[in-house]
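What follows is the residue order along each chain.
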Amino acid sequence: MRDIFKKLNVKADWWGLRHINQTQTSLSVRDEKLDGINTGYDNGVMAEVLVNGQFSFVATNDLSFDSIQRAFDQATEQALKNEKWNLYNFSMEQRPKAVGTYSSQVKTQFDKSSIYEIADNLVNATKFMTVSGDAQLMSRSARTIVSDTETLFLSSNGSDYHQKLTQCTLDLGMAASLNGDNQTRSNGGQVGQFGLDYFNKDSLKQQSIEISRELNEILNAENCPSDTRDLMITPDQMYLQVHESIGHPLELDRILGDERNYAGWSFLNKEDFGTLQYGSELLNVTFDPTITSELASYDFDDTGAKAEKKYLIKGGKLVAGIGSLESQARLGVDGVSCARMQSWNRPPIDRMANINVETGTSTMADMISATEKGILMKANRSWSIDDYRDKFQFGCEYGQLIENGKLTKVVKNPNYRGQCTPFWTNLKMLGDESTMEVSGSFYCGKGEPNQVIRVGHAVPTALFSNIEVFGGGK
Amino acid sequence: MSVFDKIKKQEKYFYSLSEKLVAALASDEHLTISYSGEETQFYRFNQSKLRQATNVSQNAIGLTFIKNNRSLSKSMNISFDESVDLKLGLELIADCKQDAENLPESQSVVLPQAGTDSSQIIETEAASLIDVTTEVLAPLQDVDMAGIFVSGPVSEGVYNSKGLKHWFTSNTFYFDYSLYSAKQKAVKNCYAGSKWDSQKYLANIETSKQLLTKMDLPVVNVKPGAHRTYLAPGAVSEILGTMSWGSLSMSAFKQGYCAFAKLKEGKESLSPKFSLQENFELGLSPKFNELGEVRANKLNLIENGELKTLLVSSKSSAEFNVPSNQANDYEMLGSPVIKPGNLSQEDVLKELGTGLYLSNLHYLNWSDRMSARITGMTRFACFWVEDGEIVGPIKDLRFDESLYNCFGSELNDFTKESEINPNTMTYDKRYIGGSSAPGALINKFNFTL
Ligand SMILES: [Zn+2]
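Cut-offs used in this document
Residues numbered from 1 in each chain as written. Chains lettered and ligands numbered in written order. Predicted model: local features only at pLDDT ≥ 70, side-chain atom pairs only at ≥ 80, totals over all residues. Heavy atoms only, no water. Helix = DSSP H or I, 4+ residues; strand = E, 2+ residues; numbered from the N terminus. Rg over C-alpha atoms; globule rule 2.2 N^0.38 Å. Buried < 20%, exposed > 50% of the residue type's maximum accessible area, 1.4 Å probe, protein only. Contact = heavy atoms within 4.5 Å. Donors = N, O, S within 2.8 Å, 3.2 Å for Na, K, Ca; no water. Pairing = 2+ DSSP bridges. Salt bridge = Lys/Arg side-chain N within 4 Å of Asp/Glu carboxyl O. Domains from an automatic or database assignment. Buried area = accessible area lost by both parts, 1.4 Å probe. Polar contact = N/O pair within 3.5 Å; in protein donor to acceptor, adjacent residues only side chain to side chain.

## Observations concerning the overall build of chain B
- Across its full length, chain B carries 10 helices and 18 strands.
- Its C-alpha atoms give chain B a radius of gyration of 24 Å, within 12% of the compact-globule value 22 Å for 449 residues.
- Taken over 449 residues, chain B has a buried fraction of 59%.
- In chain B, once contacts between residues fewer than 6 apart in sequence are set aside, the share between residues at least 24 apart is 71%.

See the structure below:
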């Protein structure tokens, strides 16, 4: 590809080529058998030019020299043809020179036969999913995605950046029915940059036993009460609370209005940066590309901006946004290295990467014993938030009441709702390192054309005061 | 060479490449090959200007290989250069053979079947003859618009080791947009078709601009609680989209995740006014699925409130021993139509009387699957109405309501008129198809925040 790039004849102020080659296996096992397996090879290039202040994109999966030259010609023509309608006059400052390599640091690398070993271990895991008493087992499933993405970024101002990310998911889940009610329990969905060692047979077995026990508890539990009480959420719910009500509203392209027709905009304004108290003083949120096992750890984003750890919310105050060099120039607000593209066929836009909550000082026991009337909720099962990212509602798989400093009755169908800044202002205690987990999402959707991206969230358990909670039923 | 001549060549190439891949099979091996391709022009807009122009040309095949009671699949891009494509394709077939020896047994396998071939290339000009950005943007310079224009041909094909061939190409465009007032209130609309018509486009944006003036009325602060509510077709189709997500799937039912489980078991019911069918006569998507099975023109799923059948793929059919209705692999709705009712669109405000008029909904999700309960937000042009007159736009509200209520006991009626909503999803690739839905007047709809 480097040779092709050297030979190209491009009449533009700047040009860049991204070659993205992804191999991804999705494996699904159910009730001790193979439910589906697909290995996809997706290999293509994005030709990008800057002409008279406008970035213009043409993507193709034909990797011959002629095809790539044609893509650059077409990108240049596209920019010239639409010049008079250009929204903003960009420059090369939005495409800094990036040179280097980055590779996922996983313990045991995958090879071609790894998937057989994983399949056997997943089959074995479903054998340990059981229910007791009169409950009827409906399904036992184990799923994984193992994905390798290689990116080469070359540009006319000397960028030569090679990146190889190994990203995986691991989902264990089961459903069962008792007295006409179905309940489900999962391992909360695990994601990260990890290797074959993560699919350890004994660890999978232990997780199956654990979710079986908790599924039995909720099958026999009462519905979650409807009232206002303190809410404690573990990382398998906290990550999505952070994602939806901190990550998305902080995206600068939402504030700029790019997303208004699809994902929505934000309740935040330009003036809120540096002034708005977003949450309680315990709340410290960072953009952190340095945790190697987290999904979006990398050195450079897809425009060549260097990724470094940075505070977005410090002591509860909003200090910087999730915005690329393009958005920073347009809005005049400080951002991070977050211009990312789903693959070779989509242009880079503002995305979350690793958006983390820095740990606090409380243990689980501290938080439970400090709660008079509360509820613990684990593992997300439902989520929804408005297009300004303010009014949210979440549901979890497993609930347990906290009464007079002790965990008591298990409840089913636990849900809560609230509004963004009042909720984060009610953050009362924050878990320490022992409660922290590296989590995230493989499927954050946004953009026109639509793009999904993989984002990491390393978060601790958290306790909030006076939250509206409720149960299920029609 | 015209775009359609090129596509006809691509169709031929796909069959010829497929035949060569099938030739590498042993007698106990089976293969189904699917094709998807597109040449798409995207223009993304903000503030009635061009934010990003992107052109994407992508073509890929998927291989589903069966041997030894194992079913597994691979996919790869193709470049229409046989020296490149055949080499990689044969490597993948060799991998398939090895995988089939080493993977656990499949839940079920669906062997390829012979059948009647089909080829449909809908040769329309879409927006190929216009200067898109000028045509779209010039009449919008007096207003703040955000949105996306998408156009170009999309093709799907199937070939299997029994020699079955299917091909479908459509060439359409859509301009999916929203307009914003100075007070940042918005209306949403879409102009879609297979041939750009300037007059129709100008009429479409004029309707939106007119509605936008209503959004500048003072905002009414509506308290949560139960309200009489009209859901415009755009809002109903959002609910239909969520229903597609596991509520009508046989596999989801058997696995304990089906939102209409209680409807299926006869423990809950929907209104006799609610009927839902798969109707491929909409003509927006091919009738064949990814296995090359051809679906019936019409399939009644819910008739007068009663569940007639769930969507059953041949995979589920083989596993659960129930008849297949050729649903796709995920058992999602392919071309759903909700039967219209007796309410005239002109009378909607009068019939609503006092309550909420909701043009769109946003971010829907099941809040309690077993109760078929959905939560989501109001979005874009949503008004408070008193005695049949619009009072003003509302501050967005969250709803949380069971389909057994809003399309059951609380359903007043659907409108006589329906709207077709083209599928505008573009994750990974352009989706085709769409749905048809009327508006719905609901006696009591529950808002929580
Ligand atoms: Zn997201």
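That covers the picture; the talk isn't over yet.
## Description of the coordination of the zinc ion
Residue and element names in this part refer to chain A.
- Of the protein atoms, only His243 (NE2), His248 (NE2) and Cys444 (SG) coordinate the zinc ion, at distances of 2.0 to 2.4 Å.
- Here the donor residues of the zinc ion are spaced in sequence according to H-x4-H-x195-C. Like histidine 248, histidine 243 is buried.

## Thoughts on the pairing of strand β5 (residues 136–155) of chain A
Residues and elements named next belong to chain A.
- Among the 20 residues in β5, 14 count as buried, and that is most of the element.
- Inspection of the sheet shows β5 paired to strand β6 (residues 160–178) by 18 bridges, in the antiparallel sense. Of the residues in β6, the one forming a bridge with leucine 152 is histidine 162.

## Notes on the pattern of salt bridges
- One pass over the structure, following the stated rule, counts 55 salt bridges over all chains.
- In this structure, A:Lys412 and A:Asp181 form a salt bridge, with 2.8 Å as the shortest nitrogen-oxygen distance. Taken together, the residues span a long stretch of sequence, with A:Lys412 in strand β19 (residues 406–412) and A:Asp181 in strand β7 (residues 181–186) at a distance of 231 residues. By the burial criterion, A:Lys412 is buried, and A:Asp181 matches it.
- A:Arg417 serves as the salt-bridge partner of A:Glu468, at 3.0 Å between the closest nitrogen and oxygen. Taken as a pair, A:Glu468 in strand β24 (residues 462–470) and A:Arg417 in strand β20 (residues 415–419) lie far apart in primary sequence, 51 residues in all.
- Residue A:Glu468 is classed as partly exposed on the basis of its relative accessible area, which comes to 32%.
- Residue classification places A:Arg417 among the buried positions, given a relative accessible area of 12%.
- Each of the salt bridges in this network shares a partner with another, and the network as a whole consists of A:Arg18, A:Glu48, A:Arg95, A:Asp258, A:Glu326, A:Arg330 and B:Arg51.

## Re the domain arrangement of chain A
All names here are of chain A.
- Along its sequence, chain A is organised into domain 1 (2–220) and domain 2 (223–470).
- A straight line from the C-alpha centre of domain 1 to that of domain 2 covers 21 Å.
- At the interface, 49 residues of domain 1 touch 41 residues of domain 2.
- For the pair domain 1 and domain 2, the two sides together bury roughly 3700 Å², of which 55% comes from carbon and sulfur.
- The three residues of domain 1 that bury the most area against domain 2 are Val191, Gln193 and Ile218, which together make up 14% of that side's buried surface.
- Where domain 1 packs against domain 2, one counts four salt bridges.
- The residue arginine 95 makes a salt bridge to glutamate 326 at a minimum N-O spacing of 2.8 Å.
- For the pair domain 1 and domain 2, the interface holds 21 residue pairs in polar contact (both at pLDDT 80 or more).

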